[in-house]
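Examining the three-dimensional arrangement
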Amino acid sequence: MLEVTVNSMATDTLAAAGLAPVNLSDRAVMAPYFDAVAQPLSDYTFSQVFTWRNSLRLGWRIIRNHLCIFANGSGDLTLLLPPMGDTGGDAALSEARQLMDAYNADHDVPDRTRVEYVSEWMLSRFDRSNFDVQPMGGDYVYDVTRMIDLAGGDLKSKRQEKNRFSRNYVARVETYDANRHLNDCLRLLHAWRDRQDTKHAGDTSSGTAAVKRHKEALATEVALCHAKELGLGGMLVWVADETGVESVKGFTFGELLGGDQSSIVIEKTDLEIKGLSQFIFSEFCRLHWAHRPLVNAGDDWGLESLAWTKNSYRPVTILPKYAMRPKAAVQSTTGWSPEAIATPAVAVEEQAAAPAMSIVPDEQPIHVRVAQPTDLEAIANLESRCFDTYSLSRRRLQYLAARSSAVVLVAENDGQVVGEAVGLLRHHKKGLTGRIYSLVVDPAMRGRGVGRQLMADLLVTFAQRGVGRVYLEVERTNAGAVALYEKLGFRSIGTIGDYYGDGRDALHMMCEMGVNPRLLKPLAA
């Protein structure tokens with residue numbers, strides 16, 4: 001069997017810091033530390049550490065009877081996971097911090113010391129007085145029975161996609177065996193990566209995204225080669241072509257997590273086969289994980305498209321994750337995902353201080369402002385009333401409102417929240433882009449310029465933050481919304497088939513912010 005080796009340069013770098021590379025033989029030492037965590041995240045397993053050991057350049061050390069996993073993948077030294085052990089966690093954290101501080105100072109990145117992927121339970125075990133704690137996403141957890149049956153109106157589109165696949169393709173599933181299936185799965189993995197590279201070749205972030213896919217592919221190869229030793233359960237889907245010849249078109253892996261969860265850690269499918277991703281997820285839950293009440297699908301890596309997909313399966317909860325940074329350090333963002341995801345260093349509170357801007361107000365003056373924590377319940381209620389599917393939950397809104405890479409605005413009328421807009425920012429090598437993630441207006445207030453006011457203020461906020469282009473999706477048949485967006489400077493750049501369900505296509509629209517700001521002027525006080 002193929003053995004995936006540790007990068008020698010990374011090993012030398014880690015060894016210089018007194019850290020050991022992660023090997024299969026280390027499982028016996030590390031597993032008890034992970035097993036002792038009362039409320040584990042999907043990241044808290046040996047298989048995750050081992051599979052990402054090369055991509056993130058991981059090294060480890062026992063410090064004061066605590067397991068400490070360090071990462072060196074972005075040129076700095078960080079704690080990928082909080083120190084894990086019984087008692088004395090603060091002393092272990094202090095010693096680990098000294099190690100990171102010394103390494104990062106020597107490599108001219110003194111502000112990069114941090115601890116990531118800290119669960120709420122782990123967070124409660126440390127003295128946080130010397131650290132700033134910030135949210136960094138969370139694990140999406142689902143009711144496994146619902147994932148198997150895909151029952152209910154809110155999962156109708158998933159059920160339809162799964163059924164479409166079953167109608168249109170002759171397929172069979174098989175439990176993964178590396179001796180028989182490794183090469184077939186590697187071919188699919190490499191085809192997936194190449195197809196994604198080609199698809200995104202014109203994106204402004206294509207270079208960074210290609211590096212991400214490369215690192216993800218490396219980690220997936222490790223899992224394919226060592227699934228049995230790592231305790232990963234795997235399943236693949238064979239699909240027959242028109243001539244009856246079968247080939248592997250999808251594979252997925254998972255493992256047990258804590259006392260009541262399973263964790264799906266890998267899923268790769270041929271994206272040209274409609275409904276296969278819904279089919280493989282549902283079938284994997286049915287055949288392998290039905291004995292566990294909950295299934296954990298991991299976090300969204302800070303990618304809005306992935307967050308949308310994970311939310312569309314209706315999680316029963318999202319297990320929050322946090323990053324801890326020394327208060328004296330300049331904050332930066334990186335993560336367990338295979339790339340560093342940079343976000344503007346502007347806090348939500350700072351957005352509130354920015355001067356309010358808008359297009360000339362409509363007949364009904366509307367007060368637009370940055371959302372506050374006390375608004376989240378009203379926003380969530382507005383979402384659930386206006387969207388039959390894909391509405392944002394209160395937990396999701398709370399997560400977005402706390403992120404510097406998101407902008408959440410509300411429109412008020414007589415002290416009542418009558419609309420909301422959510423925008424997301426993405427940092428590329430050539431600058432920032434924005435995306436309209438949600439726009440909702442109370443039905444009773446429609447036709448009074450509320451949506452236009454929210455959009456205008458959101459665009460100004462994007463312009464103030466340095467955004468060059470803004471993107472959105474809108475249902476093709478929603479003539480009123482399309483007309484509004486066109487008046488604000490958006491133009492159609494393509495169509496996305498079945499985006500809102502069977503036969504419900506979306507227009508993909510874009511606005512050049514270099515043109516749009518000339519339409520803007522300060523709001524009247």
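Definitions and cut-offs
- Residues numbered from 1 in each chain as written.
- Predicted model: local features only at pLDDT ≥ 70, side-chain atom pairs only at ≥ 80, totals over all residues.
- Heavy atoms only, no water.
- Pairing = 2+ DSSP bridges.
- Helix = DSSP H or I, 4+ residues; strand = E, 2+ residues; numbered from the N terminus.
- Axes fitted to C-alpha atoms, helices over the stretch in contact; angles between N-to-C directions.
- Contact = heavy atoms within 4.5 Å.
- Parallel < 35°, antiparallel > 145°, perpendicular 65-115°, else oblique.
- Left-handed = near helix turned anticlockwise from the far one by under 90°.
- Nonpolar A, V, L, I, M, F, W, Y, C, P; charged D, E, K, R; others polar.
- Salt bridge = Lys/Arg side-chain N within 4 Å of Asp/Glu carboxyl O.
- Buried < 20%, exposed > 50% of the residue type's maximum accessible area, 1.4 Å probe, protein only.
- Phe/Tyr/Trp six-rings, centres within 6.5 Å; stacked < 30°, edge-to-face > 60°.
- Lys NZ or Arg CZ within 6 Å of the ring centre and 35° of its normal.

1. Looking at the sheet that holds strand β14 (residues 367–370)
Pairing in this open sheet of 7 strands is mixed, and the strands run β14-β15-β16-β17-β18-β20-β19 from one edge to the other. On the outer flanks of this sheet lie β14 and β19 (490–496), each paired with one strand and no other. For this sheet, the mean inter-axis angle between neighbouring strands, taken without regard to orientation, is 25°. Pairing between β14 and strand β15 (residues 406–413): 4 bridges, direction antiparallel. The residue of β15 that forms the bridge with Arg369 is Val410. Docked against the sheet, helix α13 (residues 376–386) engages β15, β16 (416–428) and β17 (431–441), running at close to 95° with respect to β16.

2. Quick notes on the packing of α13 against helix α14 (residues 394–401)
One can describe the packing of α13 onto α14 by two numbers: an axis separation of 9 Å at closest approach and a directional angle of 125°. Viewed along their axes, α13 and α14 adopt a mutual orientation that is oblique. The two elements α13 and α14 meet at a crossing, and its hand is right-handed. In this structure, α13 uses Leu376, Glu377, Ile379 and Ala380 to contact α14, whose residues at the interface are Arg394, Leu397, Gln398 and Ala401. Here the contact of α13 with α14 is built from residues that sort into 5 nonpolar, 1 polar and 2 charged.

3. Focus: unusual backbone geometry
Phi at Tyr117 is positive, roughly 50°, even though this residue is not glycine. For Tyr117, the location among the structural elements is in strand β5 (residues 115–119). Positive phi, close to 50°, is recorded for Leu150, a residue that is not glycine. Here Leu150 lies in the loop between α6 (144–149) and α7 (156–168).

4. A look at the pattern of salt bridges
In this structure the tally under the stated criterion is 29 salt bridges. A salt bridge links Asp101 to Arg97; the shortest N-O distance between them is 3.5 Å. Placement of both Asp101 and Arg97 in helix α4 (residues 89–106) is noted, with a separation of 4 residues, approximately one turn of the helix. Look at Arg97 and you get partly exposed, because its relative accessible area is 24%.

5. Things to note about the packing of aromatic side chains
By the definition in use, this model includes 11 aromatic pairs. The interplanar angle of 75° and the centroid separation of 6.4 Å between the aromatic rings of Tyr142 and Phe281 together place this pair among those described as edge-to-face. One end of the pair, Tyr142, is in strand β6 (residues 131–143); the other, Phe281, is in helix α10 (residues 276–288), with 139 residues separating them in the sequence. One aromatic cluster is present, built from ring pairs that chain together Tyr142, Phe281 and Tyr313. Note that Arg97 overlies the ring of Phe131, its terminal NZ or CZ placed 5.5 Å from the centroid. Lying across the ring of Trp192, Lys268 places its NZ or CZ 4.5 Å from the centre.

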